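Overview (structure and organization)
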Amino acid sequence: MATSARSRAVPLLVARRGARSARSFSSESSSSYSKLTTGFSSRISNVQESFFYPVDRVVVNVPATTANLGPGFDSFGFALDVWNRVIVQKSDRFEMVVEGEGEGRISLTEDNLVVQCVRKVLHSLGKEMPPLRFECQNAVPPTRGMGSSSAALVAGLAAGLALGGKDVTTPANKKLLLQLAANEEGHADNVAPAIYGGFQIAFNAEGHWITQRVHIPDGLQCVLFIPDDEMPTTEARAVLPAKIDRKDAIFNIARASMLINCFATSQFDPLRMAMEDRLHQQYRKHMFPFEPIIKDALEAGAHGAFLSGAGPTVLAITGGVGIANVGSDTMSQFLAEVVSDAMVSSAARLGVRGTAHIATPSYFGLHSNGYDRDGEQLW
Ligand SMILES: Nc1ncnc2c1ncn2[C@@H]1O[C@H](COP(=O)(O)OP(=O)(O)O)[C@@H](O)[C@H]1O
Ligand SMILES: N[C@@H](CCOP(=O)(O)O)C(=O)O
């Protein structure tokens, strides 16, 4: 965390944060969303987790995420090195600019998901949303199964917390952010890695969202085939049955467990089987013919492949074995490109238009910077 020149001139604790915010958070409404406490009460943390100087401009970076990984429906996800950046600045009027992915398609009005989240958080902190200028620089394609809605939610909620005076870099406020974002999304498999980075296993226990990081082997690469056509997650969830067969549950428990062991021990031989699923993929295949693309990726040498999130993107895993690191030699990239070509050819045979992208996982998630009204960096 960067320390500003102004902060350095006075004692650190007082300079970056202040008791003002701790008091203003005490008059919260009783609805579960509105309870913007971290759940941890201490005089020092109340001071440390809030800013002393009002934040004027926030820059938030949030990664794309891939969820499910086959059998880990609503539970597994990891972050990708594909980033959205949202810049929110106090202004004299509302303004929204969207550049990159989703440009011309994502709402430019106050019903934009990022704006809604900022307003919601500020409202919960007892504040009205001031006139703000939003600039969204998007690399995450919307509605393709790469966690665009989670990236938008996390960006908006984090920006709102920061503008409301909360330091989103503290563990307690990150935990709070996870609760808010997962409650909005209804599942935490995208939002947990979007916030914490890496591979996360996440679930809800007695009303609390819990997440834990899983090791990702060095040198792992992700080959994504991203169809041009969108597949809204709400539609892809509506086709899922309310109840499942016991043998399908057993099928998934065994594979999900082995998948975690594959990652934890860097043993990818069984990964192609460990990424099989019977909880969601079979019910979604009529929406988009992804199974032949998975099969062709595996035949081309991928360790495993799955429908990314609710689709339609298909993700294949390459690299990550032996000593190979991405960037240290060409071998992993050669294999990733062979798999990419196979997926593109497969999609072309099916008449599916789209593009391929080779990504690496991101070991870190949300990161941000804040500035005061003089443009001085606060963190
Ligand atoms: N960068 C963004 N800014 C604002 N809203 C976004 C952004 N990206 C996605 N969304 C919202 O999320 C919706 C897509 O959500 P969803 O169907 O869950 O797709 P995904 O699988 O990419 O998460 C979009 O229709 C839009 O409302
Ligand atoms: N577990 C969810 C994941 C949705 O991910 P997204 O990237 O498609 O939003 C599901 O499978 O519905």
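Residues numbered from 1 in each chain as written. Chains lettered and ligands numbered in written order. Predicted model: local features only at pLDDT ≥ 70, side-chain atom pairs only at ≥ 80, totals over all residues. Heavy atoms only, no water.

As annotated in an unreviewed UniProt entry, the chain carries the name Homoserine kinase and is attributed to Emiliania huxleyi. Entered under Catalytic activity (unreviewed entry) in the UniProt record, the comment concerning the chain runs "L-homoserine + ATP = O-phospho-L-homoserine + ADP + H(+)". (UniProt positions renumbered as here; feature names shortened; annotations may be inferred.)

**So, the confidence of the model for the chain**
Within the chain, residue pLDDT values average 88, and 87% of them lie at 70 or more. Every residue in residues 1-33 scores below 50 in pLDDT, and together they form 70 contacts with partners more than four places removed in sequence or on other chains. With a pTM of 0.90, the predicted complex shows an ipTM of 0.99. (pLDDT = per-residue confidence, 0-100. Contact = heavy atoms within 4.5 Å.)

**A few points about the site of ligand 2**
Taken together, 15 residues form the shell around ligand 2, and within it N68, D74, D189, R237 and R284 come nearest. Expressed as a share of its isolated accessible area of 350 Å², the protein-covered part of ligand 2 is 99%. Across the shell around ligand 2, the residue classes tally to four nonpolar, seven polar and four charged. Summarising the domain contributions, the shell around ligand 2 has at least three residues from each of domain 1 (2-214 + 363-371) and domain 2 (220-359). (Near = heavy atom within 4 Å. Areas by Shrake-Rupley, 256 points an atom, 1.4 Å probe, with all protein chains shown as cover. Nonpolar A, V, L, I, M, F, W, Y, C, P; charged D, E, K, R; others polar. Domains from an automatic or database assignment.)

**Here's the deal with the UniProt feature "domain: GHMP kinase C-terminal" (unreviewed entry) in the chain**
In this numbering, the UniProt entry assigns the feature "domain: GHMP kinase C-terminal" (unreviewed entry) to residues 275-318. Counted over residues 275-318, helix gives 30% and strand 20%. Its end C-alpha atoms are 13 Å apart. (Helix = DSSP H or I, 4+ residues; strand = E, 2+ residues; numbered from the N terminus.)

**Digging into the site of ligand 1**
The environment of ligand 1 is formed by 17 residues, the closest being R105, T143, S148, S149 and T233. For ligand 1, an oxygen atom lies 2.9 Å from a polar atom in the side chain of S149. For ligand 1, an oxygen atom lies 2.8 Å from a polar atom in the side chain of T233. Relative to its free-state accessible area of 570 Å², ligand 1 is covered by the protein chains to the extent of 81%. Contributing elements (two or more residues each) for the shell around ligand 1: α5 (113-124) and α6 (148-163). The greatest single-element share of the shell around ligand 1, amounting to three residues, is contributed by α6. Here the residues of the shell around ligand 1 are counted per class, giving six nonpolar, nine polar and two charged. (Polar contact = N/O pair within 3.5 Å; in protein donor to acceptor, adjacent residues only side chain to side chain.)

**Points about the pattern of salt bridges**
Counted by the stated rule, this structure contains 15 salt bridges. The salt bridge involving E95 is made with R133; its shortest N-O contact spans 3.4 Å. Of this pair, E95 sits in strand β3 (residues 95-100) while R133 sits in strand β4 (residues 132-138); the two residues are 38 residues apart in sequence, bridging distant segments of the chain. Exposure remark for E95: the relative accessible area of 24% places this residue in the partly exposed category. (Salt bridge = Lys/Arg side-chain N within 4 Å of Asp/Glu carboxyl O. Buried < 20%, exposed > 50% of the residue type's maximum accessible area, 1.4 Å probe, protein only.)

**Some points on the UniProt feature "domain: GHMP kinase N-terminal" (unreviewed entry) in the chain**
Listed under "domain: GHMP kinase N-terminal" (unreviewed entry) in the UniProt record, and renumbered for this structure, are residues 112-198. Annotation note: span residues 112-198, helix share 56%, strand share 8%, distance between end C-alpha atoms 27 Å.

**Side note on the packing of α5 against α6**
Relative to each other, α5 and α6 sit at 35°, their axes nearing to 7 Å. The crossing of α5 and α6 is right-handed. Contacts from L113, V114, C117, V118, V121 and L122 of α5 reach α6 at S149, A152, L153, G156, L157, A159, G160, L161 and L163. Here the residues of the contact of α5 with α6 sort into 12 nonpolar, three polar and no charged. (Axes fitted to C-alpha atoms, helices over the stretch in contact; angles between N-to-C directions. Left-handed = near helix turned anticlockwise from the far one by under 90°.)

**Some points on the domain arrangement of the chain**
In many analyses, interface size is given as the accessible surface area lost on bringing the parts together. Segmentation of the chain into domains returns domain 1 (2-214 + 363-371) and domain 2 (220-359). Between domain 1 and domain 2, a total of about 2200 Å² is buried, with carbon and sulfur atoms accounting for 66% of that surface. Together, P71, F73 and R144 form the three largest contributors to the area buried by domain 1 at its contact with domain 2, with a combined 28%. Here domain 1 is connected to domain 2 by three salt bridges. Taken together, the links from domain 1 to domain 2 amount to 13 residue pairs in polar contact (both at pLDDT 80 or more). Per-element accounting of the side of domain 1 that touches domain 2 gives the leading share, five residues, to strand β2 (residues 76-90). The residue inventory of the side of domain 1 that touches domain 2, partitioned by class, reads 14 nonpolar, six polar and four charged. (Buried area = accessible area lost by both parts, 1.4 Å probe.)

**Structural notes on the environment of A64**
Position of A64 relative to the elements: it lies in strand β1 (residues 57-67). In this structure, A64 is in contact with F78, A79, L80, V82, V140 and M146, ignoring residues within four places of it in sequence.

**Considerations on the side chain of D296**
By the element assignment, D296 lies in helix α13 (residues 291-299). If sequence neighbours within four positions are ignored, D296 has contacts with A342, S346 and R349.

**What to know about the packing of aromatic side chains**
In the structure shown here, the tally under the stated rule is six aromatic pairs. For the pair F94 and F134, a centre-to-centre distance of 5.9 Å together with 50° between the ring planes defines the contact as tilted. Residue F94 is located in the loop between β2 and β3, and its partner F134 is located in strand β4; the two are separated by 40 residues in the primary sequence. The exposure class of F94 is partly exposed, given its relative accessible area of 24%. Overall, F134 belongs to the buried group, its relative accessible area being 0%. Above the ring of Y371, the side-chain terminus of R57 is found at 5.0 Å from the ring centroid. Against the face of F251 rests R255, its NZ or CZ located 3.5 Å from the ring centre. (Phe/Tyr/Trp six-rings, centres within 6.5 Å; stacked < 30°, edge-to-face > 60°. Lys NZ or Arg CZ within 6 Å of the ring centre and 35° of its normal.)

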